[in-house]
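The lines below spell out each chain.
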Amino acid sequence: MTTNSEKVALVTGSATGIGLACAQAFAKAGYITVLTDIDDPKEQARELVSAGYKALSRRCDVSDTRAVEETVDWVAATLGRLDAALNNAGIQTPQRPMAEITDDEFDRTVAVDLKGVWNCMRYEIRQMLRQGGGTIVNTSSQGGVTGFPGQAAYIACKHAVIGLTRTAALDYASRNIRINAICPGVIRTPMAEELMRRNPLLEKELVRDIPAGRLGSPEEIANAVLWLSSPQASFIDGHALLVDGGFSIH
Ligand code: NAD
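This report concerns the structure included in the present document. Note that the structure is predicted; figures quoted are calculated from it, not measured. All chains use their own residue numbering, which begins from 1 and follows the written sequence. Restriction of local features to residues with pLDDT of at least 70 applies here, the model being predicted, together with a cutoff of 80 or more for giving and counting side-chain atom pairs; totals for whole chains, interfaces and linings are based on all residues. Side-chain calculation: all heavy atoms of the structure are included, whereas hydrogens and water are not.

1. Examining the sheet that holds strand 5 (residues 134–139)
So, point 1. The criterion for strand pairing is that DSSP finds at least two bridges linking the strands in question. A run of H or I in DSSP becomes a helix once it reaches four residues, and a run of E becomes a strand once it reaches two; helices and strands are each numbered from the N terminus. Spatially, 7 strands are ordered 3-2-1-4-5-6-7 in an open sheet, and the strand pairing comes out parallel. Of all strands in the sheet, those bounded by a partner on one side alone are strand 3 (55–59) and strand 7 (240–243). Adjacent strand axes in the sheet meet at a mean angle of 20°, parallel and antiparallel pairs treated alike.
So, point 2. Throughout, a contact is declared for two residues whenever any of their heavy atoms are within 4.5 Å. For helices, the axis comes from a line fit to the C-alpha atoms of the stretch in contact; other axes are also lines fit to C-alpha atoms, and the angle between any two N-to-C directions lies between 0 and 180 degrees. In the packing of helix 3 (residues 65–79) onto the sheet, the strands contacted are strand 1 (8–11), strand 2 (32–37) and strand 3, and the crossing angle to strand 3 comes to about 155°.
So, point 3. Here helix 8 (residues 218–228) sits on the sheet in contact with strand 4 (84–87), strand 5, strand 6 (177–184) and strand 7, set at roughly 165° to strand 6.

2. Regarding the packing of aromatic side chains
So, point 1. The rule is short: rings of Phe, Tyr and Trp, with Trp giving its six-membered ring, pair when the centres are within 6.5 Å, and they are stacked under 30 degrees, edge-to-face over 60, tilted in between. Under the defined criterion, the tally for this structure stands at 1 aromatic pair.
So, point 2. Measuring from centroid to centroid gives 4.9 Å for F26 and Y31, while their planes differ by 80°, and the two rings are edge-to-face. Across the pair, Y31 and F26 agree in class, each one buried. Each residue is placed in one exposure class: buried if its accessible area under a 1.4 Å probe, protein chains only, is under 20% of its type's maximum, exposed if it is over 50%, and partly exposed if it falls in between.

3. A short note on the nonpolar core
So, point 1. Of all hydrophobic cores here, the largest spans 27 residues; its most connected members are V75, L82, M121, I136 and I179.
So, point 2. Looking at this core, the elements with two or more residues in it are strand 1, strand 2, helix 3, helix 4 (103–131), helix 5 (152–172) and strand 6.
So, point 3. Element by element, the count of residues in this core is highest for helix 4, at 7 residues.
So, point 4. Ranked by size, the runner-up nonpolar core spans 26 residues in total, among them A9, L35, L48 and A224. Side-chain atoms within 4.5 Å link the members of a nonpolar core, which is a set of buried Ala, Val, Leu, Ile, Met, Phe, Trp, Tyr and Cys residues.

4. Things to note about the site of the ligand
So, point 1. The ligand sits among 28 residues. The nearest are D37, N88, Y154, I187 and T189.
So, point 2. The definition of a polar contact used here is a pair of N or O atoms within 3.5 Å, where within protein one atom must be able to donate a hydrogen and the other to accept one, and adjacent residues in sequence count solely through side-chain atom pairs. Here V62 contributes a backbone N or O atom positioned 3.0 Å from a nitrogen atom of the ligand.
So, point 3. Measuring from an oxygen atom of the ligand, one finds a side-chain N or O atom of Y154 at 2.5 Å.
So, point 4. Here the open area of atoms and residues is found with the Shrake-Rupley method and a 1.4 Å probe, where only the protein chains shown may cover a residue. Contact with the protein chains covers 90% of the free accessible surface of the ligand, which is 820 Å².
So, point 5. Elements represented by at least two residues in the shell around the ligand include exactly helix 1 (17–28), helix 4, helix 5 and helix 6 (190–198). We call a residue near a molecule or strand when any one of its heavy atoms sits within 4 Å of it.

Written out as structure tokens, the structure reads:
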């Protein structure tokens, strides 16, 4: 059980990349932080605990409705509450023109990138209703407001995450639950490195279109997520916040 001053944060897909940076930021800001991923990120949680922060970990495949329900129930039973959730787990579709993406690739992308967010929000919201409020941030993308060649299934999901965020925000604004989306630009993580490995010219092409002249870091996304989850953002609801070095200005 927590004391009243200890807030609890849950981050999905937090073994690496943006999710790990966000979990580290929540822990450093004083949240008891629960790291989850498709494989238990216990080493990452252990490192935080060794550094003096409060963190737990658990395996959770966000595409598995029952596993998500059990995870949120476990957080509530173990820590007594859930104040801030970041629904971050995501996968890329293999880069191919739309008509060449297979049904299986489409279905798996939707299962993780859209149904995964849906699953998490449902159980997080039920817990937040029981305790009287909370905040949720869903990870969309700059691709949630633009197109991107070869990524039709992924981009469709990231657009849908913004629609889901806005609608759920309307449903629960009066119940003290704020729900926003974060839209990262190109951030140097294993997911982005994998895309650039497959297309060595990609980094140069991407940077050319980023007014800031560089890729972003996971920590720059974590700063924005932490702020959206904090009382400093108390009147911000249903917003899709672009953190993209100016890419979407064009
Ligand atoms: P990443 O691949 O480095 O990390 C994603 C994490 O999600 C991994 O730890 C992975 O194991 C986990 N994951 C995958 N499937 C899962 C499942 N079914 N259940 C639970 N966990 C699962 O990616 P990242 O770049 O850190 O991306 C994090 C989020 O940010 C994703 O939603 C991604 O779409 C989004 N995003 C990333 C970028 C970027 O440039 N890196 C840009 C825009 C949006």
